[in-house]
Amino acid sequence: MSVAAEAAPAAVSDAPAPKRRRRAPPFAPYLQAMPLGLILGAFLLLPIAAIVIVSFWDYDSVQIYPAFVTLNYAETLGSWVTWSTLLNTLKFVAIVWAITLFVGFWVAYFLAFHVRTSKMQTLLFLVCTVPFLTSNIIRMISWVPFLGRNGLLNSALVEAGIVPAPLEFLLFSEFAVVLAMVHLYSLFMVTPIFNTLVRIDRSLIEAARDAGANGFQILWNVIIPLAKPGIAIGSIFVITLVLGDFITVRFMSGGQSASMGLMIANQISLLQYPAAAANAVALLVLVLIMMAAILRIVDIRKEL
Amino acid sequence: MQADRRTLEFYLLAAFFGLFVLFLYGPLSTILLLSFQGPNGGLTFPMNGVSLRWFQNLFETQAVGDFGGSFSRSLMLGLMVMATTVVVSLLAGLAFRRGFLGATPLFYLTISSLVVPSILISLGIGLAFQIAGLEPNWWSSAFGAHLTWTLPFGVLIMFAVFNRFSPAYEEAARDLGATSWQAFAHVVLPIIAPSLVGVGLFGFTLSYDEFARTLMTAGSFNTLPLEIYGMTTNVTTPVLYALGAVTTLVSFAVIGIALATIAIIARQRRKLGVS
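Fair warning: this is a prediction, and the values are worked out from it, not measured in the lab.

Novice: Explain the nonpolar core to me, please; I cannot follow it from the model alone.
Specialist: Soluble globular proteins tend to pack their nonpolar side chains together in the buried interior. Of all hydrophobic cores here, the largest spans 172 residues; its most connected members are L36, L111, L197, I223 and M252 of chain A together with F96 and L123 of chain B. Top element by residues in this core is helix α12 (residues 215-244) of chain A. It accounts for 15 residues. Ranked by size, the runner-up nonpolar core spans 11 residues in total, among them L94, V161, F165 and V188 of chain B.

Below you can see the structure in the form of structure tokens.
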């Protein structure tokens, strides 16, 4: 308080009376936005430029050379491995998206419409959020004692006599990849949908009921259309996270499945940077197409 | 939906929600349990006695690599990312609120930062540093890589906050003769303080747990997630779970501190009679 009191007279004498109502000088927003612009320029735009440049470079087993060859693209686009990997990635995207959308919508719906006090809503929402603020790697590892050959689930199933021998497909399989991705990413669907659902004007639902709509009609014709922006934002998160994922696929499939991200990560570890860069450009194009498609349907800027 | 009697729909959805929470916490609690595995126990149940053997093991450096070093690097990096994210997001939020030429492209750039896959950021920054002849380090390249993930969250939170922020408070302050700095420091800042704590929480935890963006940008010293990932391939004892338990508790502690701070701010406000 004392600092402000001292600063006040000086500041007032700086600004002549007629201009007092004027907001800060017009260049202030530029200064305020500059750090964000500089950081994103240096660590997002420049690196992407570097990837695009290096994707045209040449390489051998030892190092990479500045050049202009389209060989990296020809190799990656001309190989059936790339296309089947892409297909596999899109398969993960579709499955994980469908499951997280279903789970996310009903969890958000429960929180928004069935939990009565906002205090309880916040508490239950926090309960969902806490695991997402812990390490992804640890959360993946934590499935091992549960799903493994001698894990909890298999022991329980064998003991109950449901299966004669431990199920092998539970861990280190595509099933495990999908399970872990749903585990890791479903909050990204819950949060935006919850945000749109709690802001729905309850009188709209009353009006629909008064007009004779049944529960399903209210859900389908009132709630879901109003929840679309949240669904879109959640979908952008989940789709881009799954598209670029490599660590879940590598760890949970035990090396038995592939994705675009994993292919890039493997090429990086083999120091084939130009090949990795060409695939990275392809992945980026795919992500941008997906995002543009979703943004065409919903303008998320209005929703913030 | 606001009916007094609980419907069947409520019980079905409540059960679904309960299963979801179990799904989230179940696996995590198994590794917390297994980290107390007896000295001769393995990576899965049954528990072969109870011991603190694996927690001790964690601090014997030769057994599990450089746990202490990677932990302190991750902690330091998390704090750096947290502070930067709070300041930069707040400034950007103020700028967007006022509006400026190029606001829309910068907004879309921020969103892009959120959707560009982390492996691309990692590869790109690694290549950019290589081309520029710079050596990647956790405090330079990895720091920048983490910011590309935390800043969009921070900016979006500030966006949401300022969209709901009534300018009436500031105008009242101005009418009472406050300068723009005073209006900011004594009116705007206290009102948005809880959101800033939230931005800080995101900044710290997202950085502390980040793996993919650190992969090619950490340089010669590992951060904690890289160290843990390295362990998954060559450590076959429950020390892995002990490490998991310790890092998870650190995350929980950070979340607890953030929530407590928000609660304290809220209580002070109630005392002052402002909502």
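Now that the structure has been shown, we can carry on.
Novice: For this particular structure, what's the right way to read the pattern of salt bridges?
Specialist: Proximity of charged atoms lets side chains of opposite charge pair with each other. Overall, the coordinates contain 2 salt bridges over all chains when judged by the stated rule. For K91 of chain A, the salt bridge identified is with E174 of chain A, shortest N-O distance 2.6 Å. Taken together, the positions of K91 of chain A in helix α4 (residues 80-114) and E174 of chain A in helix α9 (residues 174-185) put the pair 83 residues apart, joining distant regions of the chain. E170 of chain B is paired through a salt bridge with R97 of chain B; the nearest N and O atoms lie 2.5 Å apart. Note that E170 of chain B is positioned in helix α8 (residues 168-175) and R97 of chain B in helix α4 (residues 67-98), a separation of 73 residues in sequence. Residue class for E170 of chain B comes out buried when judged on its relative accessible area of 11%. A residue is classified by how much of its surface remains accessible, and R97 of chain B, at 29% relative accessible area, is partly exposed.

Novice: Would you take a moment to explain the UniProt feature "domain: ABC transmembrane type-1" (unreviewed entry) in chain A for this structure?
Specialist: Under the UniProt annotation, "domain: ABC transmembrane type-1" (unreviewed entry) lies at residues 86-296 of chain A. The distance separating the terminal C-alpha atoms of residues 86-296 of chain A is 24 Å; by composition the span is 77% helix and 0% strand.

What counts, and at which threshold
- Residues numbered from 1 in each chain as written.
- Chains lettered and ligands numbered in written order.
- Predicted model: local features only at pLDDT ≥ 70, side-chain atom pairs only at ≥ 80, totals over all residues.
- Heavy atoms only, no water.
- Core = buried A, V, L, I, M, F, W, Y, C linked by side-chain atoms within 4.5 Å.
- Buried < 20%, exposed > 50% of the residue type's maximum accessible area, 1.4 Å probe, protein only.
- Helix = DSSP H or I, 4+ residues; strand = E, 2+ residues; numbered from the N terminus.
- Salt bridge = Lys/Arg side-chain N within 4 Å of Asp/Glu carboxyl O.
- UniProt positions renumbered as here; feature names shortened; annotations may be inferred.

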